[in-house]
Amino acid sequence: MSIENRFDETPLAREIADLTRRRVALAEQQLPLPGRTRVFTIANQKGGVGKTTTTVNLAAALAQAGARVLVIDLDPQGNASTALGIDHRAETPSVYDVLINDVDMADVIQYSPEFEGLACIPATIHLAGAEIELVSLVAREQRLRGALQHLLSQQPFHYVFIDCPPSLGLLTINAFVAAREVLIPIQCEYYALEGLSQLLNNIKLIERHLNPDLAVSTILLTMYDSRTNLANQVVNEVREHFPRETLRALIPRSVRISEAPSYGQSVISYDGNSPGSLSYREAASEIAHRGEPAATAPPQPVEQPAQLPGVPVSTQFAEESGHESSYDEGHN
Ligand code: ATP
Ligand code: MG
């Protein structure tokens, strides 16, 4: 065996060859642009599963590929704004003014320094009060939808990604009502699937009563560590339950992904050839090639009529019947 061949067989050499192959495949691709704006809500009431990281990096990957992309930061933590290098100090006009003071989105929109065509509606700390202030407003569940439709009639975007807080309150409901697609990031960890049934129930209720166009189109597995059996078990289980929705791309646990936001950058521009960047670009490519799913939502497990937070009992929904949910079983 030649020295070259032996070298080829080392794990490091294989990894480098694999990264090169993936980089070349991505470079050769041209992503199709959607015929109409695709609006995604990135939701999971579980904290720290990669919602913001996914929002920012998918948006950056699609913008890099030539799409016009808008990120709406709907989390008072403002992490998506930070990660995109967007000013979101308290006095900055923000999504709070859009929701509560009827300010046009066009008056608060900022453009990312990273990629042409990447824009952001920032969140400031004021948004923390919006959950309560919204309760007394007219059409409180539809306010984001109305503002977004108005913006889109003036400024076309190919994609809109709404980054949600880790809760199922009125802010998240506004995001579900404004979107047609839900993207759920699932962390490849123990407990990752807990609460998923409740999330799916709430989405189903929104679909039935507030937004018939809503569907869970995409599930993305995040923070995957191939060395652990547990991560592989979570991957297999999610793919088994959601074969159509789960992307083939897996987002690895990666230091480069976690350090990019501290430079106000996505990993796509911070370290474009790193495994994390390639994975997010592959996920973006899959989303673009799959296109928007057909109008009918896939069947989701429905357990009991969940009570939507922030919605008074008088407007709670009629009891669903005939559906069994087993999704949380075994994960509690
Ligand atoms: P929250 O519920 O608080 O909004 P989140 O669901 O938006 O959280 P992120 O903020 O995206 O989650 O990620 C949580 C933490 O994990 C962050 O510190 C982030 O940098 C880190 N992280 C996310 N994805 C990865 C990854 N693939 N590899 C390593 N670290 C990651
Ligand atoms: Mg977040």
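The structure under discussion appears in the preceding block.
Only a predicted model underlies this, so the values are computations on that prediction, with no experimental measurement involved.

With respect to the sheet that holds strand β3 (residues 110-111)
Part 1 of the argument: Here we have eight strands laid out as an open sheet, ordered β3-β4-β2-β5-β1-β6-β7-β8, and mixed in their pairing. At either margin of the open sheet sits one strand with a lone partner, and together these are β3 and β8 (246-252).

Re the site of ligand 1
Part 1 of the argument: Taken together, 19 residues sit near ligand 1, with K51, T52, T53, P166 and S258 positioned nearest.
Part 2 of the argument: Listed by contribution, the elements that provide at least two residues to the shell around ligand 1 are α3 (51-64), β7 (215-224) and α11 (255-259).
Part 3 of the argument: With three residues, the top contributor of residues to the shell around ligand 1 is α3.

Digging into the nonpolar core
Part 1 of the argument: L62 and I162 are the most contacted members of the largest nonpolar core, which totals 92 residues.
Part 2 of the argument: Excluding residues that lie within four positions of it along the chain, L62 makes contacts with A67, V69, Y159, A284 and A288.

Remarks on the pairing of strand β6 (residues 181-187)
Part 1 of the argument: Of all the seven residues making up β6, seven are buried; the element is thus mostly covered by neighbouring parts of the structure.
Part 2 of the argument: Along β6, one buried face is formed by E181, L183, P185 and Q187 and the opposite face, lined by V182, I184 and I186, is buried too.
Part 3 of the argument: Across three bridges, the pairing between strand β1 (residues 38-42) and β6 is parallel. For T41, the partnering residue across the bridge sits in β6 and is V182.
Part 4 of the argument: Relative to β7, β6 runs parallel, the two being bridged by seven bridges. By the bridge assignment, Q187 is partnered in β7 with T222.
Part 5 of the argument: Handedness of the β6-helix α9 (residues 196-209)-β7 crossover: right-handed.

Section: the packing of helix α7 (residues 143-154) against helix α8 (residues 170-178)
Part 1 of the argument: Remark: α7 packs on α8, axes separated minimally by 7 Å, with the N-to-C direction vectors making an angle of 45°. In terms of orientation, α7 lies oblique with respect to α8. Regarding α7 and α8, the two cross each other, and that crossing is right-handed. Where α7 approaches α8, its residues R143, L144, R145 and L148 are matched on the opposing element by N174, A175, V177 and A178.
Part 2 of the argument: Looking at side-chain class alone, the contact of α7 with α8 contains five nonpolar, one polar and two charged residues.

Conventions adopted
- Residues numbered from 1 in each chain as written.
- Chains lettered and ligands numbered in written order.
- Predicted model: local features only at pLDDT ≥ 70, side-chain atom pairs only at ≥ 80, totals over all residues.
- Pairing = 2+ DSSP bridges.
- Helix = DSSP H or I, 4+ residues; strand = E, 2+ residues; numbered from the N terminus.
- Near = placed C-beta within 6 Å.
- Core = buried A, V, L, I, M, F, W, Y, C linked by C-beta atoms within 7 Å.
- Buried ≥ 20, exposed ≤ 12 C-beta atoms within 10 Å, placed from the backbone.
- Contact = placed C-beta atoms within 7 Å.
- Right-handed = clockwise from strand over helix to strand, strands pointing away.
- Axes fitted to C-alpha atoms, helices over the stretch in contact; angles between N-to-C directions.
- Parallel < 35°, antiparallel > 145°, perpendicular 65-115°, else oblique.
- Left-handed = near helix turned anticlockwise from the far one by under 90°.
- Nonpolar A, V, L, I, M, F, W, Y, C, P; charged D, E, K, R; others polar.

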